[in-house]
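# Chains, contacts and geometry: an overview
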Protein chains: 2
Amino acid sequence: MAKRIFSGGAEKASGNDGNTRTSITQFIPGTEFDAKMKRVTRCYMLKSRRPQQAASVQFFADYEKSVGNYIVDIDGNALLDVYMQISSMPLGYNHPAVLRALADPVNQIAPPGLSHATTMMCGSCSNENAFKTIFIWYAEKRRNGAPFTKEEMESCMTNQVPGTPRFSILSFQGAFHGRTLGSLSTTHSKYIHKMDIPAFDWPTASFPAYKYPLNENVRENRQEDERCLAQVDELLEKYKTEKRMPVAGVIVEPIQAEGGDNHASPEFFQELQRITKKHGAALLIDEVQTGGGPTGKMWCYEHFDLDSPPDLVTFSKKMQLGGYYHVESLRPKQSYRVFNTWMGDPGKVILLEAVLETIRKENLLHRVTTVGDYTLKQLTSLQDEFSTIMNSTRGRGTFIAFNCVSSELRDAVIKKLLSKGIQVGGCGTAAIRLRPALTFTEQHADIFLDALRSVLKQQRF
Amino acid sequence: MAKRIFSGGAEKASGNDGNTRTSITQFIPGTEFDAKMKRVTRCYMLKSRRPQQAASVQFFADYEKSVGNYIVDIDGNALLDVYMQISSMPLGYNHPAVLRALADPVNQIAPPGLSHATTMMCGSCSNENAFKTIFIWYAEKRRNGAPFTKEEMESCMTNQVPGTPRFSILSFQGAFHGRTLGSLSTTHSKYIHKMDIPAFDWPTASFPAYKYPLNENVRENRQEDERCLAQVDELLEKYKTEKRMPVAGVIVEPIQAEGGDNHASPEFFQELQRITKKHGAALLIDEVQTGGGPTGKMWCYEHFDLDSPPDLVTFSKKMQLGGYYHVESLRPKQSYRVFNTWMGDPGKVILLEAVLETIRKENLLHRVTTVGDYTLKQLTSLQDEFSTIMNSTRGRGTFIAFNCVSSELRDAVIKKLLSKGIQVGGCGTAAIRLRPALTFTEQHADIFLDALRSVLKQQRF
C-alpha cells in the first residue's frame, strides 16, 4: 500500500488523490520513527475511498523509494526532481534528519451520508474552504453547465463581478466560526475578535435564546424558535432580491460554544434545514467544538434527527486536524479550486487514530453520555439549591454549561474554583462551561461538584 | 525549562506566552517519543525572547507533571481540568496513546530587525493574520490612544462601520498570497483560484514586467519600475480620498512565484517601501515561497538592501510551518486579537530544526548560491543557442525560471522533460520554474541541463 501513494485514479480502490502529494511527502521514511509507524497515511479522505480531485494527479510516485533529489515513480523510474512539491521539501526525499509518520485511514467516523472529506490545517481554514466549496457549487448551479465566460475569467482577476460574485453566507448572532477574514465575517461572539478587521457585509440572524428550565418554558421557547426561523427566511429572501447578495450557504454551530453554550431544539435545526433548502442554499454545520465525542455522539447534529444529512460538516480541535465532510453534489468539477500546500497533516492523523482507537476500546462515547447525564442531574440539583446564583443548566454529554446571575459573579466563581484546584471556562456574558476530556469519570464529576457546592455556599453568604 | 512552560511574563527571560497553551499541550510526555525528544518547544517565538501576548496568561502550568484529567501548576498543585485547553485534549494530559514532540527554539533565522514572531498553520492563514495585525495597527494609529467607543464595539458585531472599518490591502497583478477569502482577495495569478469566490474590492497595482536580458534593457526596465510605482502611489492616494477605503498595508512577493517567476529590481522594492511609508501603510513581504534558503539567503528580501526592515515577513513551505515576523510597533496591545487554537505546530518545529541544522552543517546557503549561479549561467548559454524557443532566463540562487515562446511549447517541454526523467514546474503563461532542494548539486544541474538541451534540440527540428 505504502508503495503506491498516488496509485488511486477515480476508479481505483486505493482512492488516493493528487491533491495530497505535498501532505504525504512531509513525512518520509528511513528514520527512527519509521519502524513503528509503517502504515499508509491517507488523511485526506476520512471516509470515502473515492478521490475528490483526481484531475490534479500528474504522475504516480513511490515515496518510499524516492531519495534525495530523485522522485521514483511506481514503475521504478527515478526522476530528477527540480520542482520538489512546489518547493516544500528543503532537503529532498528521505533525508535522515526528517521523520515520517504514517497511519491507517480513519474511515469509521464520517457523518452518515457525507461521502467526501477534505482535510485542512485548522478550524478557521476548514470553514473558509467549506465556504469556497459552497460558493463554487452555488455558482455552478446558476451556470447550469455553461463554461466560464471570458468576462468572468477576466473580472475575477481584479475581484470584480461577474467572476467575483456578491454571494453571502448567513450566520447567527453569538456564533464563532473562526478568525480569518472570511470565517471572521460569520463570527459574532465578542467584539475583541472583530474590532478593526474588515469584513463581508453578510446577513446575521438571531439564534434562539431559551428560557430555562426547558420543560417549564415549552411554549415560549417554541415561539423563540419561530421568531429566529422567520428571520432566517426573511434574510434569505431579502439578500436575494433587495440586497442582490444571495445567500449561498447557512453556517450554524449545533451548540453555540464561544457565544455562551447556547442550545437550540432539534425542531429548530430541522426547520432551519428546510428553509435553507427551500432557498437553494447549503447547510453547513460547524462541529469544530462539538465534533469528536463530547456530546456523547461523534457529531452533535446526530442528536437532531434531520430530514437528510447536512450538506457540509466542518471539524478541528478534538479531531486533531481540521477539515470538512460534504455530500457528493458539492464536489467541485475542476481540480485546484480548493487547495492548500499541505491539505492537512498526516502527522496529526496518528494522533487522531490513537484517539479514535481509545474511544472505541474504552467505549468513551457511552461513558460521556453516562457521566454527562450524571453531572447534568447533579448540577440541576445545585441550581435548585442555589437558584439566586446560578441558572439555565444545560448540556449534551459532558458538553455542559450553566449561567451565573452576573458576569462579575461568574468571574468570581471561576476564580474561587481555581483556588480549589478546578479549572473551568467562561463563555458568553455570564456562563461557565465544562469541556472535560472524554476520559472524565463520575469520580471526577464529584470532585468538581463538591468544589462548586462549596464555592456557591461561600458566595451566598 | 520544560517544567515552566507558562513561567514567562513579559519581564522573564524564558519568554513564554499564554497564547501558546494549546500549541504546547498538543504534545505530551510519557510516550515512546519522549526520551528522544526531551526539549522544550517554543515554536511561537522563532526569534524574540519577548512574549507577544503575556496578558492572556492565566496560570502557569507544568505540562510534564499534568496527567489525565489533572493539570499541574508550577507549584505542584494538581487542578482538575474540566476545560481541557478549550476542549482540544480529548484524552486528557499525558495519555500514553499520544506523542510528545519537543524542540529547542530556533532563534537564529529571524529577519534582522523583526523582533516578534507568531506561528500559524499554513501560508494562507499566515498572510490572513498578518493582514489582521496590520489592520489593528492602522486602526490604533487613527485611534491615537483612545479606547474603543460603544458604537465601535456594537457595530463590529454585525460587520458594520465604524467597528468594522473599510480598510484595504494593496496587492499586485500576478501575485499569489493564498486561498482563504482574505488572502485570496490579494491573489491575482490564475482565474481558476478566484472564480466564483466573493472577495474584498481592494486595489491591485501592476508588477514590473521586465525585458530580458536585463543588461540590454536597463532604461526600459527602469521606466517599467517607475510606471508600476506611480500606480502604487496613485492607488494609495485614491483609495484614501476617493474610495474611502484606505490602504493599511501593501503585500508583495520578493519574486512573484505562482504568477510566473517575475522579478523586480532592488530599487523597485526600496522605492515601494518609501511610498508605502509615506502613506502610513505597512509593508508586508510574503516569503512563503522564497523564505528558507532557495535564493541563497534565508530571506529573499535580504538581496534588496532596503532602507529599513519590512514591517512584516510571512513564511511557510520550506519553513515547515506557517507564521510571520513583525516589527515591535505592530504588536497588538490587547491579547486574543490575533489567535488560533493551535498557533502553529510544535511537531513541525522538529522538522524545521532538523532542516536548519543541516543547512548550517552542510553550508547549504553557500551551495545554493554556487549551484544557482552555475545553473543560471548554463541556462543563459542554452538560451543563446535556442533563442527561438526560450528566453528571459532569470533567478536568484536556485530559484530559477525561463520562458518558452508559447504556453503550448512550454507544456510540451515539460512533458518531454518528464519522459527523460526530469520533473520541473510550470508557472505564469509560458514559464518553466526550478524549485530544487537545497541539497541540489552541480552534478544534478548537469543532468537537468543535458536533458533540457536534448529536448530543445528535438523541439527545434
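Residues numbered from 1 in each chain as written. Chains lettered and ligands numbered in written order. Predicted model: local features only at pLDDT ≥ 70, side-chain atom pairs only at ≥ 80, totals over all residues. Heavy atoms only, no water.

### Quick word on helix α10 (residues 364-385) of chain A
Residues and elements named next belong to chain A.
- Under the 1.5 Å per step criterion, the end-to-end length of α10 is 31 Å for 22 residues, consistent within 8% with the ideal 32 Å.
- Within α10 the residues assigned to the buried category are Leu364, Val368, Val371, Gly372, Thr375, Leu379, Leu382 and Gln383. Buried residues along α10 cover an arc of 115° about the axis, so they all sit on one side. Facing away from the buried side of α10 by over 90 degrees, the exposed positions are His366, Lys377 and Asp384. (Helix = DSSP H or I, 4+ residues; strand = E, 2+ residues; numbered from the N terminus. Expected span 1.5 Å × (residues − 1). Buried < 20%, exposed > 50% of the residue type's maximum accessible area, 1.4 Å probe, protein only. Arc of directions from axis to C-beta.)

### What about the sheet that holds strand β10 (residues 282-286) of chain A?
All names here are of chain A.
- Taking strand neighbours across the sheet as the criterion, the seven strands line up as β4-β12-β11-β10-β7-β5-β6 in an open arrangement whose pairing is mixed. Edge positions in the sheet fall to β4 (116-120) and β6 (204-205), since each of these pairs with one other strand and no more.
- Sheet topology note: the strand β5 (residues 168-172)/β6 ladder contains two bridges and is parallel. Residue Phe172 lies in a different strand from β6, and its bridge partner there is Ala205.
- The strands touched by helix α3 (residues 123-143) within the sheet are β4, β5, β7 (247-252), β10, β11 (312-315) and β12 (322-326), with β7 carrying the most contacts at an inclination of about 150°. (Pairing = 2+ DSSP bridges. Contact = heavy atoms within 4.5 Å. Axes fitted to C-alpha atoms, helices over the stretch in contact; angles between N-to-C directions.)

### Looking at the packing of aromatic side chains
Residue and element names in this part refer to chain B.
- Scanning the entire structure with this criterion turns up 31 aromatic pairs over all chains.
- Ring geometry for Tyr138 and Phe167: centres 5.0 Å apart, planes at 80°, overall edge-to-face. Pair noted here: Tyr138 is in helix α3 (residues 123-143) and Phe167 is in the loop between α4 (150-155) and β5 (168-172), with a separation of 29 residues, a long-range link.
- Exposure remark for Tyr138: the relative accessible area of 7% places this residue in the buried category.
- The exposure class of Phe167 is buried, given its relative accessible area of 5%.
- With centroids separated by 6.1 Å and ring planes inclined at 50°, the aromatic side chains of Trp299 and Phe315 adopt a geometry described as tilted. (Phe/Tyr/Trp six-rings, centres within 6.5 Å; stacked < 30°, edge-to-face > 60°.)

### Remarks on the pattern of salt bridges
- Taken as a whole, this structure holds 36 salt bridges over all chains when the rule is applied.
- A salt bridge links Lys150(B) to Glu154(B); the shortest N-O distance between them is 3.0 Å. You can see Lys150(B) and its partner Glu154(B) sitting in helix α4, four residues apart, about one turn around the helix.
- A salt bridge links Arg274(B) to Glu271(B); the nearest nitrogen and oxygen atoms lie 3.0 Å apart. Here Glu271(B) and Arg274(B) lie together in helix α8 (residues 266-278), a separation of three residues that amounts to about one turn.
- Taking the relative accessible area as the measure of exposure, Glu271(B) reaches 30% and is therefore partly exposed.
- By sharing partners, the salt bridges in this structure join Glu140(A), Arg143(A), Glu152(A), Lys333(A), Arg337(A) and Asp196(B) into a single network. (Salt bridge = Lys/Arg side-chain N within 4 Å of Asp/Glu carboxyl O.)

### Concerning the confidence of the model for chain A
- Across chain A, the average pLDDT comes to 81, with 78% of residues at 70 or higher.
- Counting contacts from residues 1-57 of chain A, a segment whose pLDDT is below 50, to residues more than four positions away or on other chains yields 180 contacts. (pLDDT = per-residue confidence, 0-100.)

### Details of α3(B)
- For α3(B), spanning 21 residues, the distance from its first C-alpha to its last is 30 Å, which sits close to the expected 30 Å at 1.5 Å a residue.
- Among the 21 residues that make up α3(B), 19 are buried, leaving the element largely enclosed by the rest of the structure.

### What to know about the packing of helix α7 (residues 218-241) of chain A against helix α8 (residues 266-278) of chain A
Residue and element names in this part refer to chain A.
- Here α7 crosses α8 at 15°, and the two axes come no closer than 10 Å. Judged by the angle between their axes, α7 and α8 are roughly parallel. The chirality of how α7 crosses α8 is right-handed. Every residue of α8 that contacts α7 at Asp225, Cys228, Leu229, Val232, Asp233 and Leu236 is listed here: Phe268, Glu271, Leu272, Ile275 and Lys278. (Parallel < 35°, antiparallel > 145°, perpendicular 65-115°, else oblique. Left-handed = near helix turned anticlockwise from the far one by under 90°.)

### With respect to unusual backbone geometry
- Cis peptide bonds are those with omega within 30 degrees of zero, and the linkage from Val161(B) to Pro162(B) qualifies with 0°.
- With respect to the element layout, Pro162(B) can be found in the loop between α4 and β5.
- With an omega of -5°, the peptide bond between Tyr212(B) and Pro213(B) qualifies as cis.
- Residue position: Pro213(B) is located in the loop between β6 (204-205) and α7 (218-241).
- The backbone phi angle of Arg244(A) is positive, close to 50°, even though this residue is not glycine.
- Among the structural elements, Arg244(A) can be located in the loop between α7 and β7.

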